[in-house]
Amino acid sequence: MNWLQRYPKEIQALLLASLINSTGSALMWPLTTMYVFGELGRSMQDAGLVILLQSLGGIAGQLVGGAMYHRIGVKKLLVGSLMINALSLFALPVVSGHWHIYMLTMLIVGFSNAMTLPAIQGFIGFRFASRRGEIFNTIYVGNNIGVALGTALSGVLASISFSLTFILNGVTCLLFAVYFFVYLNRVDREGGLQVEAKTSKRSQGAIPLLMNTRVYLYMGLGALFLWLGNCIWNGGVSPTILSEGRPPSDYSLLWTMNGILIFALQPLISWIKRTFASVPEMQMTAGSLFYLAGYAVILLLPTYWALVLAMFLATIGEMLFQPAMPAFISERTQANAPFYLGVSGGIGQAGRVIGPYIMGVLYDRGGLQPVAWLAVAAAVLSCGFFVLHHKLQHSAPAGKDVMGEA
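Thresholds, definitions, all that
Residues numbered from 1 in each chain as written. Predicted model: local features only at pLDDT ≥ 70, side-chain atom pairs only at ≥ 80, totals over all residues. Heavy atoms only, no water. Axes fitted to C-alpha atoms, helices over the stretch in contact; angles between N-to-C directions. Helix = DSSP H or I, 4+ residues; strand = E, 2+ residues; numbered from the N terminus. Contact = heavy atoms within 4.5 Å. Nonpolar A, V, L, I, M, F, W, Y, C, P; charged D, E, K, R; others polar. 1 Å grid on protein atoms, 1.4 Å probe; cavity = no way out; pocket = protein on both sides within 12 Å on 5 of 7 lines; lining within 4 Å. Points joined across faces, edges and corners; volume = space filled by probe spheres on them. Parallel < 35°, antiparallel > 145°, perpendicular 65-115°, else oblique. Core = buried A, V, L, I, M, F, W, Y, C linked by side-chain atoms within 4.5 Å. Buried < 20%, exposed > 50% of the residue type's maximum accessible area, 1.4 Å probe, protein only. Expected span 1.5 Å × (residues − 1).

Q: Tell me about the packing of helix H17 (residues 337-366) against helix H18 (residues 368-394), and name the residues and values.
A: Remark: H17 packs on H18, axes separated minimally by 7 Å, with the N-to-C direction vectors making an angle of 145°. Counted together, Ile358, Met359, Leu362, Tyr363 and Gly366 of H17 and Leu368, Gln369, Pro370, Val371, Leu374 and Ala375 of H18 form the full contact between these two elements. Partitioned by chemical class, the residues of the contact of H17 with H18 number nine nonpolar, two polar and no charged.

Given below as structure tokens:
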């Protein structure tokens, strides 16, 4: 963890808390389909419905979280949503025998977890304004280390007890809530939250902010198509590997590689940013091109080693794209950042909602090839929207800023 030493202790604690929370969250998400289909004895259609409801809850959660940031304050929003998320996770083993209540609980899990995203990103953008881009990237790396740890542990814990994974996820979420309660109380006593409230208070209602589409809409649509195309890993690559008689570990290996690369390729990403992708808008465009290259490899060379190369390319795309969106919004929309973080995140999340169903239909009809064609087309559209977004930011009339005001 030497990479943490260059940050003040306040940021180190935040990064470690985020890592622990992401580890806990990753304990559950790979197992939802297995739990519904294998443990509860429901159909794959029912499993897909649960994932759909959780994703829809995620869209609503990001929108509500962004809109409520300035209304109730970061402390109430963040700690409250984490507490609701923890209680919902604790309830899952109890309600699993009641199907409709279980589905409702999973909807609440998706909603409450997503509410924390614009709250955390908005707070970081305000609190650490001078280093926000660097910190967004470091939290992204730390979270992916947590995801790698969580997914590695999830299979072991599930073999012992599915309920144990829910409870441990809830415990890490509860610890995260306690951490933020203590941390934000200390910041409040030092006057930090009052300073933030004065300097970041939103001056407009939701409708005028939504009318300023050039700030968020095309970037959000770019993210939507990027996440839609990324569903190829579950909607095309996973069943292809299994249908070829390969063990499930071959699929898991791709995601293990993804987690290792996100940490190991940081010097490469820094070089790319220094040389030809110096601003977040360019990083999003470059990221979509790497995704496109990865999907093209899957389309043209559908072998396992081609999938390894495709994962390598897509991981570079992910590393460029993921931290760039919150960095751009925080830098360009200032006081309105939480609102726009929620809106753009919600639009992007829609790709994860519709992607699995569309790719499932295409895979059933023609295997991996039509799924790969859809991923390539989605990446092309994503790149187009990011280019349009970039041009709009640099063609604004003189005297008209992009601080979220039309």
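Q: Can you explain empty space enclosed by the protein? Please cite residues and give values.
A: A probe matching the size of a water molecule, rolled over the atoms, marks out where space remains unfilled. Applying the stated criterion to the full structure yields two cavities of 30 Å³ or more. Each pocket or cavity is described by its volume, and for the largest cavity that value is around 40 Å³. If you trace the largest cavity, you find it lined by Asn230, Trp233, Trp255, Asn258, Tyr291, Met311, Ala314, Thr315 and Glu318. Mapped by element, the contributors of at least two residues to the lining of the largest cavity are helix H12 (248-264) and helix H15 (304-321). In terms of residue count, the dominant contributor to the lining of the largest cavity is H15 (four residues). Looking at the lining of the largest cavity residue by residue, the classes come out as five nonpolar, three polar and one charged.

Q: I'd like to hear about the packing of helix H10 (residues 213-230) against helix H16 (residues 324-333), residue by residue, with values.
A: Viewed as axis vectors pointing N to C, H10 and H16 meet at an angle of 180°, and their least axial separation amounts to 12 Å. Between H10 and H16, the angle is such that the two are roughly antiparallel. Contacts from Val215, Met219 and Ala223 of H10 reach H16 at Met325, Phe328, Ile329 and Thr333. Of the residues contributing to the contact of H10 with H16, the split by class is six nonpolar, one polar and no charged.

Q: Can you tell me about the environment of Arg214, naming the residues and giving the values?
A: The residue Arg214 is located in helix H10 in this model. Through-space distance from the C-alpha of Arg214 to that of Lys391 is 9.8 Å; in sequence the pair is 177 residues apart.

Q: Any details on the nonpolar core? Residues and values, ideally.
A: If you look at the biggest cluster of nonpolar residues, it comprises 51 residues, and the most contacted ones within it are Ile232, Trp233, Val237, Leu254 and Ile298. Among the elements that line this core, the one with the most residues is H15, at nine residues. Sequence-distant contacts of Ile298, that is, excluding residues within four places in its chain, are made with Ile232, Trp233, Val237, Leu307, Ala310, Leu368 and Ala372. Core analysis: the second largest hydrophobic core is formed by 43 residues, Leu82, Val95, Met106 and Tyr183 among them.

Q: Could you give me a rundown of H12, with the residues and numbers involved?
A: Counted at 1.5 Å a residue, the expected span for H12 with its 17 residues is 24 Å, and the 25 Å between its end C-alpha atoms agrees. For H12, every residue scored as buried is listed here: Asp250, Tyr251, Leu254, Asn258, Gly259, Leu261 and Ile262.

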